[in-house]
Structures are given as structure tokens and as C-alpha cells.
Amino acid sequence: MSTLMRVGASLAPITDTERVRPALPRIHLSPPHMSGAELDLLSEAFASNWIAPLGPHVDAFEREFAEAVGGGYAAAVVSGTAALHLALRLLGVERGDEVLCSSLTFCASATPIVFEGATPVFLDAARASWNMDPGLLEEELRACAQRGRLPRAVIVVDLYGQCADYERIRAACARYEVPVLEDAAEGLGATYRGRPAGAFGELAGFSFNGNKIITTSGGGMLVGQDRRLIDRARFLASQARDPKPHYQHSQLGYNYRMSNLLAAVGRGQLRVLPDRVAARRRNFERYRAALGELPGVEFMPEAPGCRSTRWLTCLTIDPHLFGASREEVRLALEAENIEARPVWKPLHLQPVFDGCRCRGGTVAEDLFERGLCLPSGSSLTAADLERVSAVVRRCYQAASGKKPLLPPLTARQ
Ligand SMILES: *Cc1c(COP(=O)(O)O)cnc(C)c1O
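Residues numbered from 1 in each chain as written. Predicted model: local features only at pLDDT ≥ 70, side-chain atom pairs only at ≥ 80, totals over all residues. Heavy atoms only, no water.

**Q** What's the story with the state of the cysteines in this structure? I'm lost.
**A** As used in these notes, a disulfide is a covalent bond between sulfur atoms, one from each of two cysteines. In total, this model carries zero disulfides according to the counting rule given. Cysteine C173 is unpaired, with the sulfur of C144 as its nearest cysteine sulfur at 11 Å. Assessed through its relative accessible area of 1%, C173 is described here as buried. The cysteine C314 is free of any disulfide, with C373 supplying the nearest cysteine sulfur at 3.8 Å. (Disulfide = S-S within 2.5 Å. Buried < 20%, exposed > 50% of the residue type's maximum accessible area, 1.4 Å probe, protein only.)

**Q** It is not clear to me how unusual backbone geometry should be interpreted in this structure. Could you clarify?
**A** The phi angle of most residues is negative, glycine excepted, and most peptide bonds adopt the trans form. Positive phi is not limited to glycine here, since A240 has a value of about 50°. Counting through the fold element by element, A240 comes out in the loop between helix 7 (227-237) and helix 8 (260-271). The exposure class of A240 is buried, given its relative accessible area of 0%. Look at R310: it is not a glycine, yet its phi comes out positive at around 55°. Tracing the backbone through its elements, the reader meets R310 in the loop between strand 11 (306-307) and strand 12 (313-317). With a relative accessible area of 6%, R310 lands in the buried category. (Helix = DSSP H or I, 4+ residues; strand = E, 2+ residues; numbered from the N terminus.)

**Q** Where do I start with the site of the ligand in this structure?
**A** The local shell around the ligand holds 15 residues, among which G80, T81, E186, S207 and K212 are the closest. Measuring from an oxygen atom of the ligand, one finds a side-chain N or O atom of T81 at 2.5 Å. Look at the ligand: alone it shows 380 Å² of surface, and the protein chains cover 93% of it. Looking at the shell around the ligand residue by residue, the classes come out as four nonpolar, eight polar and three charged. (Near = heavy atom within 4 Å. Polar contact = N/O pair within 3.5 Å; in protein donor to acceptor, adjacent residues only side chain to side chain. Areas by Shrake-Rupley, 256 points an atom, 1.4 Å probe, with all protein chains shown as cover. Nonpolar A, V, L, I, M, F, W, Y, C, P; charged D, E, K, R; others polar.)

**Q** Help me understand the sheet that holds strand 4 (residues 153-157) in this model?
**A** Whenever strands of a sheet pair, they do so through backbone hydrogen bonds, lying parallel or antiparallel. Taken in spatial order, the eight strands of this open sheet run 1-9-8-5-4-2-3-14, and their pairing is mixed. The two strands at the open ends of the sheet, each matched to only one other strand, are strand 1 (73-77) and strand 14 (358-359). The sheet contact formed by strand 4 and strand 5 (residues 180-183) spans four bridges and is parallel. Paired with V154 across the strands is V180, a residue of strand 5. (Pairing = 2+ DSSP bridges.)

**Q** When you look at the packing of aromatic side chains in this model, what are you seeing that I'm missing?
**A** One pair of aromatic rings is described through two measures. These are the centre distance and the angle between the planes. Scanning all chains against the criterion turns up 15 aromatic pairs. With 6.2 Å between their ring centres and 5° between their planes, Y160 and W344 make a pair best called stacked. Residue Y160 is located in the loop between strand 4 and helix 6 (166-175), and its partner W344 is located in the loop between strand 13 (341-342) and strand 14; the two are separated by 184 residues in the primary sequence. Three or more aromatic residues joined by ring pairs form one cluster here, namely F106, W130, Y160, W311 and W344. The positively charged end of R310 is found above the aromatic ring belonging to F284, 3.5 Å away from the centroid. Between R326 and the ring centre of F368, over which it is positioned, the NZ or CZ distance is 6.0 Å. (Phe/Tyr/Trp six-rings, centres within 6.5 Å; stacked < 30°, edge-to-face > 60°. Lys NZ or Arg CZ within 6 Å of the ring centre and 35° of its normal.)

**Q** In this structure, what is going on with the sheet that holds strand 15 (residues 371-374)? I would like to understand it.
**A** Across the sheet, which stays open at both edges, the four strands sit in the order 10-12-15-13 with antiparallel pairing between neighbours. The open sheet has two edge strands with one neighbour each: strand 10 (297-299) and strand 13. As paired elements, strand 13 and strand 15 share two bridges and run antiparallel to each other. Counterpart to R341 in the pairing with strand 15 is C373. Packing of helix 11 (residues 326-335) onto the sheet brings it into contact with strand 12, strand 13 and strand 15, and relative to strand 15 it is tilted by some 25°. (Contact = heavy atoms within 4.5 Å. Axes fitted to C-alpha atoms, helices over the stretch in contact; angles between N-to-C directions.)

**Q** Can you help me understand the nonpolar core in this one?
**A** It is characteristic of soluble globular proteins that their nonpolar side chains tend to be buried jointly. Counting 37 residues, the largest nonpolar core has F65, W130, Y160, L188, F206 and M221 as the members making the most contacts within it. For this core, the elements supplying multiple residues, two or more each, are helix 2 (56-68), strand 1, strand 8 (203-207), strand 9 (220-224), helix 8, helix 9 (273-291) and helix 12 (362-370). Of all the elements, helix 2 adds the most residues to this core, at four residues. In terms of nonpolar packing, the next biggest core, distinct from the first, is built from 31 residues, V77, L88, I113 and A240 among them. (Core = buried A, V, L, I, M, F, W, Y, C linked by side-chain atoms within 4.5 Å.)

**Q** Is there a simple way to explain the packing of helix 11 against helix 13 (residues 382-400) in this structure?
**A** For any two helices packed against each other, the geometry comes down to the angle between their axes and how far apart the axes lie. Contact geometry of helix 11 with helix 13 gives a least axis separation of 10 Å together with a crossing angle of 135°. One element, helix 11, and the other, helix 13, form an angle in the oblique class. Both helix 11 and helix 13 take part in a crossing whose hand is right-handed. Of helix 13, the residues touching helix 11 (which contributes V329, A332 and L333) are V388, V391, V392 and C395. Class assignment of the residues belonging to the contact of helix 11 with helix 13 gives a composition of seven nonpolar, no polar and no charged. (Parallel < 35°, antiparallel > 145°, perpendicular 65-115°, else oblique. Left-handed = near helix turned anticlockwise from the far one by under 90°.)

So this is what it looks like as C-alpha cells:
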């Protein structure tokens, strides 16, 4: 029996089996990171009593956000999913239509297609970017044209902070006059050939969910160059109320507008977006320095013309070279109170999209099988990153039975 005593009310001795290492604080995948300014803006919103899904912070957030993503117009809404849903309504997606969509992404890229009674058709990822393979898009559009039934829209996702290959994607869509909807929920702050994410579709949707690069706890933004479309989005997002003194509705609308309180938080977050991008890119470089030389480890590539935010640091693990699988590494991290996640499960494998067509699919399946997202928050310290890296290195050493391949990160700096 140990002589250690618990601190506090109970003085029962701690038994040997209970004597575990004190848990280190949890390292989350991508936690919120407030700057301080958000609280001042929020207090101002309270003081003004604009506690409603409209108000001066909503208007200002929309203006400032549109400017930050290269101009145009913006409508602030309750979520990224709501932004994408409104976009599909605005593009005229109807029951029976087909809409093409990246397969390697979060379910909310495609669930709004089904909300409108349309059918998703999935496209595999390219190895060079993990985003939609433009060659497969060209093939699919050609096949659709031959059948005489083009898709109503193409949803292109900017995965894990990196823009898709818009030069080829836009050219293919322009040839068949199919509009592009950019799902930029993970892309805010990224650029492609010098232009910001959000500038590459007829419309683009962003998310401010708690895990995104900036957050309003929950929220989203719809962006576009056509003022009439964004005005119509605001109309649909506030119950499609006709301009009458009484309540009259001729169309189906939604209650999708963002609260003035959350818009205040969003304005504070937007001011520090460049810092948040820099911090996430720094995380990536530190991980790469610590783990890049391990056999079987490959980091998500930065495709030509792209400047990724590295919203999440993602890598793949080849179990034959590394000696342990992605899942074994993830569980080893979890055992150390570190949250890591597998790469998105492709949508063509999701039960909810059972029966949907997919062109290709093996690249997305392989990235899901071997891909791991490491903790990537902009508030992580060098010590946090080293704690994560040390566990991954230990997995390799344990598997290979070798002496440490690399000295600790700190010794190499
Ligand atoms: C987060 C996310 C969404 C949905 O945004 P919410 O604000 O959570 O509704 C859509 N697409 C992608 C790719 C996302 O990562």
C-alpha cells in the first residue's frame, strides 16, 4: 500500500493501481483562440441592446469580411452549412438535379444538396492537393454532356486550409456553363495564385464553427460578386418575408441570419486572421521539422500556386515503412490526452450517401485509411507541439525497436 495521501476531504490512502501519472492537460485538435478584442465588441453590442439577428455588427462584419476575401458582397448566417444551403437555392438547384461535389470532405459540403431534393455525385481527390481532381471533373462533365444532362452546380472544397486547382476546375465548368460553389469553410485565409479563398466560385461559403481558423462559436458567411444574389440570400435567410406591413410570405425561407452578438465576436476574430494563419503555418513547419524524416511519414502537399493556411496539419502514415498504423498512432496520442483525428471519411463511403455515384475514389479512400490530423490550434506552444511530436516519434521507435532516429526537437533548434 502506498503512503501517498490524497489532497482534500478523503484521506484514504491511494493504492498502487490508482497511482497513475497525473494527467497532462488535454491538447485539443483545433480549439478557439480569442484575441481579447472580441469581448470589448461584444460588450458594446450588449450596451447598445442590439441583441437580435440583425444590427450594426452584422452589417459591419459583412463589409469587413467581404473586403478580407477580395471584395464583393457577404451575408452573415448561422453556420457554414446554412451558407452552402442558401447558395444552392440561389443557384437554382431543384429536386431531381445532380450536383457534383468533392468526396474527401466533411458531410456538410454535400448534405444541403439533399436538403433540396437533388442528388450528389462525388469526385475523387488528387494526390497533389487532396482536393477535387480536375481531370476527373473534366471526365464527369464530358460524360454528363454526352448523356444530355449536366449537373446544376459543382461544389469545390478547399480542404484543410488549401484552395483547389481552380484554373482547371473553372475552365472545365465554364466550358459547360456549370456554376462553381466554393466550400471555403476550411479555406479562410488561404490564397491561390495570389487571390484569396472565396474568390473562385459564383458563390462561396465560409464557417465560423468553434474548430475553424476564426470562430464566432457557430456561424457562417455567404460571399459573392453579384449583389442581387447576396441580397436575395439575406431575404431567404430571414424567412423570405415580402415587403408588406403585415407578415406575408410567398416563398419558403429560413431563419438563418447571424446574431449581432456573434457578429461582434467575428469582427474581433477577423482582425487577427493574419496572425492565426501565421501561427498555423508555424505549427506545420515545427511538426515537419520534428517528424518529416521518419520513414513512412508524408505531410499533406502544398499544391502549385497554393498558399495553404495549414488550418490542420495533416500527414499520412505508411504502416509498412513506419511500423505502426495511423490508428495505432492516434490511439497512442489519445492515451497521452492528445486529440488527433483521422482524415475525413470520404462521402462516397458514408452510409447517408449510400447509392450515390462516385467517379474514382481510391485516392480519398487511401488518404482516409492512412491520414491523420494533428493538433493544430493557433494557441499551441512549442512545448505542446513537442509533446505531440514525441508521442509520434515514440510510436516509430517502439515499432522499429531502434534507438531514437532524431534527437529531441529542442536540441536541434
Ligand atoms: C465546417 C465545415 C462545413 C460546415 O460549417 P458549419 O459552420 O459547421 O455548418 C462545411 N464544409 C466544410 C468543408 C467544413 O469543414
